[in-house]
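What follows is each chain in one-letter form.
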Amino acid sequence: MDIESLPINSLPDIGEIWQKTLNWQPTNLQQNQFQQLYQLIITGNRQLNLTRITEPDEFWEKHLWDSLRGIAPKQQFIPGIEKGKRIIDIGTGAGFPGIPISLVFPDSQVTLLDSTRKKITFIEEILSTLALSNTQTLLGRAEEIGQENKHRQHYDLAVIRAVSNVSVCAEYSLPLVKKGGLVVIYRGNWTEAENQSLEDAVIQLGGVIELIEEFSTPLSNSIRHCLYLRKVANTPISFPRAVGIPTQKPI
């Protein structure tokens, strides 16, 4: 892609907020990569309708900050994430949270999974433009990928934005992580009433709920939740179930 022809709106450069909320700040290179990513997404959005979040401040908060806050429980990045860990972003869409994670942790190996070929093709252009050699795409459905030997119980960390029932997200993700690995489910609202159904599902899938963290976004003060699931036993081979069944009949 031709960066020169892309929009010139600038993302906010607010290192003090990064520092206060994540105990971390982007380098100049990372800040430039974030800006390039923003411009590429805005351009691609004209053809693919990737996101409704297009204003610089909103993009910074809801795509960049939110992506990284999810892997920073209690304001610390998940230990060891930079040391060759295998990470999968399930249903990556426009590349979030996976691409920001790969930019910040270049020594990790990030796989971006989506079932829409047009999105995968677009993401591949982004990866090429940003020279992200630690990141690859994967076209497919989580239900099928989770049954493939080369992906099942292969990853150290799985991240997924909860656009559906969280038990469905657990069924998509826990089969893909190793025993001892971690799943991070990104969620907006969360209620105590949802805890029991998630706990029942996670137990069946070989996991436990390690942490449910509530926090506020730094600019709009919106409530967010992240659910951290630890894989403690092998997932039964019956999970994930066939395409469409998890959403039709959540555990």
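### Let's talk about unusual backbone geometry
And then number 1: Of note, the amide linkage connecting Phe-96 to Pro-97 takes the cis form, showing an omega dihedral of 5°.
And then number 2: With omega at -5°, the peptide bond leading from Phe-239 into Pro-240 counts as cis.
And then number 3: With respect to the element layout, Pro-240 can be found in the loop between strand 7 (223–231) and helix 9 (245–248).
And then number 4: In this model, Gln-75 sits at a positive phi of 65°, which is unusual for a non-glycine residue.
And then number 5: Relative to the helices and strands, Gln-75 is located in the loop between helix 3 (56–69) and strand 1 (86–90).
And then number 6: On the basis of relative accessible area, Gln-75 is assigned to the partly exposed category, the value being 39%.

### Details of the state of the cysteines
And then number 1: Applying the stated rule across the entire model yields zero disulfides.
And then number 2: Free of any disulfide, Cys-169 has its nearest neighbouring cysteine sulfur in Cys-226, separated by 12 Å.

### Quick look at the pairing of strand 4 (residues 155–161)
And then number 1: Of all seven residues that make up strand 4, six are buried, and the element is covered over most of its length.
And then number 2: Across six bridges, strand 4 lies against strand 5 (residues 177–187) in parallel orientation. Residue pairing for strand 5: Val-159 is matched across the bridge by Val-184.
And then number 3: Handedness of the β-α-β unit built from strand 4, helix 7 (residues 166–173) and strand 5 comes out right-handed.

### Description of the pattern of salt bridges
And then number 1: For the coordinates displayed, the defined rule picks out nine salt bridges.
And then number 2: Note that Lys-62 is salt-bridged to Glu-58, the shortest N-O span being 3.0 Å. In this pair, Lys-62 and Glu-58 are both assigned in helix 3, four residues apart and thus about one turn of the helix distant.
And then number 3: Across the pair Arg-230 and Glu-210 runs a salt bridge whose closest N-O atoms are separated by 2.9 Å. Of this pair, Arg-230 sits in strand 7 while Glu-210 sits in strand 6 (residues 207–216), and the two are 20 residues apart along the sequence.
And then number 4: Through salt bridges with shared partners, a single network forms among Asp-66, Arg-161 and Arg-224.

Calculation criteria
Residues numbered from 1 in each chain as written. Predicted model: local features only at pLDDT ≥ 70, side-chain atom pairs only at ≥ 80, totals over all residues. Heavy atoms only, no water. Helix = DSSP H or I, 4+ residues; strand = E, 2+ residues; numbered from the N terminus. Buried < 20%, exposed > 50% of the residue type's maximum accessible area, 1.4 Å probe, protein only. Disulfide = S-S within 2.5 Å. Pairing = 2+ DSSP bridges. Right-handed = clockwise from strand over helix to strand, strands pointing away. Salt bridge = Lys/Arg side-chain N within 4 Å of Asp/Glu carboxyl O.

Take it as geometry only, folks, not as evidence of what the structure does.
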